[in-house]
Amino acid sequence: MQLIAALFLLLSSRVLLIQAACGCSQTSSLSSLVINNASTTNSSNKQNSSTGVVIQIDDMLIPIEDLQAPTAPVRSDGSSSDQASSSSSNSLPSSSYLSCRRLWPKGRLYYRFGLGFPSSYRDMVRLSLSRLAARISSASSNQQLVTFVESNYFIDVQHVEVIDDVGCYSYVGRQSSSSSYSQALSLQVPNCMLESIIQHEFMHALGFYHEQSRPDRDSFVTVLWNNIDSDECNNFLKTSYKLTNDYPRYDYGSVMHYQSHYFSCLSGSKTLLMKNGSLIDERNNLSSLDAEKLSYTYSSTNLAYCSTRSDAAFEFASKVLTVANSKAKEIH
Ligand SMILES: [Zn+2]
């Protein structure tokens, strides 16, 4: 009997060791990570040669200065973009802080494959980007608002370097630095080789955060904090209005939205539900609203607004971009 009891205790302790700790107490915003110096849970804090300190939240790499952005610019209508916009409003929002600073001028995202990225998977990335660009175009009366430009020869041009690293991740938005023009975007082979994941990571690169991290998300979803793996709490923090595109319509079907079971500490438990209790299911492609948001963000009206800003923080369109290789391949 003692042996059985000992075995039970041993098995129990193994279960405890395997099972993730449950529950999160932190319900503040991403900006609090700056105050906490990113010391909690699984967010990492590392030095990046091009942008200084970068905080990693799930698959998003965020320069610390973005989280420290002190003030939001005044919108064209005179209000601050820090002010919450009405979620029921049908009017398009004015540009917010990050949607200017981190956008790609003229909607041209330059990229290349790292040397170690398998050749056999490159066409899949190209096809996913082609479909992404086509969806944006179809959402904007066939205007070519976003173009993915591939080349192997970039000189002084900010570009995404697609690498086969551990996991799938990307910087949020276009980075800029005088010391480095390359920003990593990892698509681990074969785990990240799904169209939805490829488009998800490139949407990060285009400047978008996770949909459920919107500052107004609590009006649309319920976060079940007690069911979240304690090491993953920061993944459920909210952004502030100065960090995100405060587009009025919430999108449960966004390719940027977590599913209901993400980061649960117990098998079968849920961490995120719609306000009416419904599950948020898997999505395999860009949603219509994703395309609409991209179309709005990279519209000529929005880009023109961004280019007129004279704030030091707005480096948008201040540099004439050139591609050394005239044979750069454009994906439309
Ligand atoms: Zn992501």
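Computed from a predicted model, the values in this text were never measured in an experiment.

### Quick word on the packing of helix α5 (residues 122-138) against helix α7 (residues 288-297)
One can describe the packing of α5 onto α7 by two numbers: an axis separation of 8 Å at closest approach and a directional angle of 75 degrees. Viewed along their axes, α5 and α7 adopt a mutual orientation that is roughly perpendicular. Where α5 abuts α7, its residues Leu132, Arg135 and Ile136 lie against Ser288, Ala291, Leu294 and Ser295. Broken down by class, the residue content of the contact of α5 with α7 amounts to four nonpolar, two polar and one charged.

### Description of the state of the cysteines
Tallied over the full model, the rule gives three disulfides. Here Cys24 pairs with Cys233 through a disulfide, and the sulfurs are 2.0 Å apart. When the S-S torsion is -90 degrees, as for the bridge of Cys24 with Cys233, the disulfide is left-handed. With Cys24 in the loop between α1 (2-18) and α2 (32-35) and Cys233 in the loop between β9 (221-223) and β10 (272-274), this residue pair connects regions lying 209 residues apart in the sequence. Under the relative-accessibility criterion, Cys24 is labelled buried at 11%. Judged by relative accessible area, which is 4%, Cys233 ranks as buried.

### Some words on the packing of aromatic side chains
Centre distance and the angle of the planes are the two values used to describe a pair of aromatic rings. In this structure the tally under the stated criterion is 13 aromatic pairs. Three or more aromatic residues joined by ring pairs form one cluster here, namely Tyr111, Phe113, Phe117, Phe148 and Phe202.

### What to know about the pattern of salt bridges
Side chains bearing opposite charge may pair, as long as their charged atoms lie close to each other. Scanning the entire structure with this criterion turns up 10 salt bridges. Between Glu211 and Arg214 there is a salt bridge, with its nearest N and O atoms 3.3 Å apart. Classification of Glu211 by relative accessible area gives buried; the value is 5%. For Arg214, a relative accessible area of 5% puts it in the buried group. A salt bridge links Asp218 to Arg217, with the nearest nitrogen and oxygen atoms 2.8 Å apart. What makes Asp218 partly exposed here is its relative accessible area of 36%.

### Observations regarding unusual backbone geometry
Cis geometry marks the peptide bond from Val189 to Pro190, where omega comes out at 0 degrees. As for its position among the elements, Pro190 is in the loop between β8 (182-187) and α6 (195-205). At Phe263, a position not held by glycine, the phi torsion is positive, near 60 degrees. For Phe263, the location among the structural elements is in the loop between β9 and β10.

### Looking at the nonpolar core
Counting residues in hydrophobic clusters, the biggest one holds 37 residues, and the most contacted among them are Leu109, Val125, Phe148, Val160, Leu187, Phe202 and Leu206. Of all elements in the fold, only β4 (108-113), α5, β6 (159-163), β8, α6, α7 and α8 (300-307) reach the threshold of two or more residues within this core. With five residues, the top contributor of residues to this core is α5. Setting aside anything within four residues of it in sequence, one finds Val125 in contact with Phe113, Phe117, Leu187, Met193, Ile198 and Phe202.

### Details of the environment of Val172
In this structure, Val172 sits in the loop between β7 (168-171) and β8. Classification of Val172 by relative accessible area gives buried; the value is 0%.

### Describing the UniProt feature "binding site: Zn(2+)" (unreviewed entry) in the protein chain
Per the UniProt record, "binding site: Zn(2+)" (unreviewed entry) is annotated on His200, His204 and His210. Checked against the lining of the largest pocket, the annotated residues reduce to His200 and His210. Looking at where His200 falls in the secondary structure, it is placed in helix α6. We classify His200 as buried; its relative accessible area is 11%. In this structure His200 touches Asp59, His210, Val255 and Met256, once residues within four positions along its chain are discounted. Relative to the elements of secondary structure, His210 occurs in the loop between α6 and β9. A distance of 3.0 Å separates the side chain of His210 from the side chain of Asp59, its partner in a polar contact.

### A word on the coordination of the zinc ion
Taken together, the protein ligands of the zinc ion are Asp59 (OD), Asp59 (OD), His200 (NE2), His204 (NE2) and His210 (NE2), with distances of 2.0 to 2.2 Å. A residue is classified by how much of its surface remains accessible, and His210, at 2% relative accessible area, is buried.

### Some details on the UniProt feature "active site" (unreviewed entry) in the protein chain
As annotated in UniProt, the feature "active site" (unreviewed entry) corresponds to Glu201 in the numbering used here. Assignment of secondary structure puts Glu201 in helix α6. With near-sequence residues (within four places) excluded, Glu201 lies in contact with Asp59, Cys168, Tyr169, Ser170, Leu185, Ser186 and Leu187.

### Description of α6
Among the 11 residues of α6, 10 are classified as buried, and the element is accordingly described as predominantly covered. Among the residues making up α6, those that are buried are Glu195, Ser196, Ile198, Gln199, His200, Glu201, Phe202, Met203, His204 and Ala205. Gly207 lies just past α6 and shows a positive phi near 115 degrees.

Calculation criteria
- Residues numbered from 1 in each chain as written.
- Predicted model: local features only at pLDDT ≥ 70, side-chain atom pairs only at ≥ 80, totals over all residues.
- Heavy atoms only, no water.
- Axes fitted to C-alpha atoms, helices over the stretch in contact; angles between N-to-C directions.
- Helix = DSSP H or I, 4+ residues; strand = E, 2+ residues; numbered from the N terminus.
- Parallel < 35°, antiparallel > 145°, perpendicular 65-115°, else oblique.
- Contact = heavy atoms within 4.5 Å.
- Nonpolar A, V, L, I, M, F, W, Y, C, P; charged D, E, K, R; others polar.
- Disulfide = S-S within 2.5 Å.
- Buried < 20%, exposed > 50% of the residue type's maximum accessible area, 1.4 Å probe, protein only.
- Phe/Tyr/Trp six-rings, centres within 6.5 Å; stacked < 30°, edge-to-face > 60°.
- Salt bridge = Lys/Arg side-chain N within 4 Å of Asp/Glu carboxyl O.
- Core = buried A, V, L, I, M, F, W, Y, C linked by side-chain atoms within 4.5 Å.
- UniProt positions renumbered as here; feature names shortened; annotations may be inferred.
- 1 Å grid on protein atoms, 1.4 Å probe; cavity = no way out; pocket = protein on both sides within 12 Å on 5 of 7 lines; lining within 4 Å.
- Polar contact = N/O pair within 3.5 Å; in protein donor to acceptor, adjacent residues only side chain to side chain.
- Donors = N, O, S within 2.8 Å, 3.2 Å for Na, K, Ca; no water.

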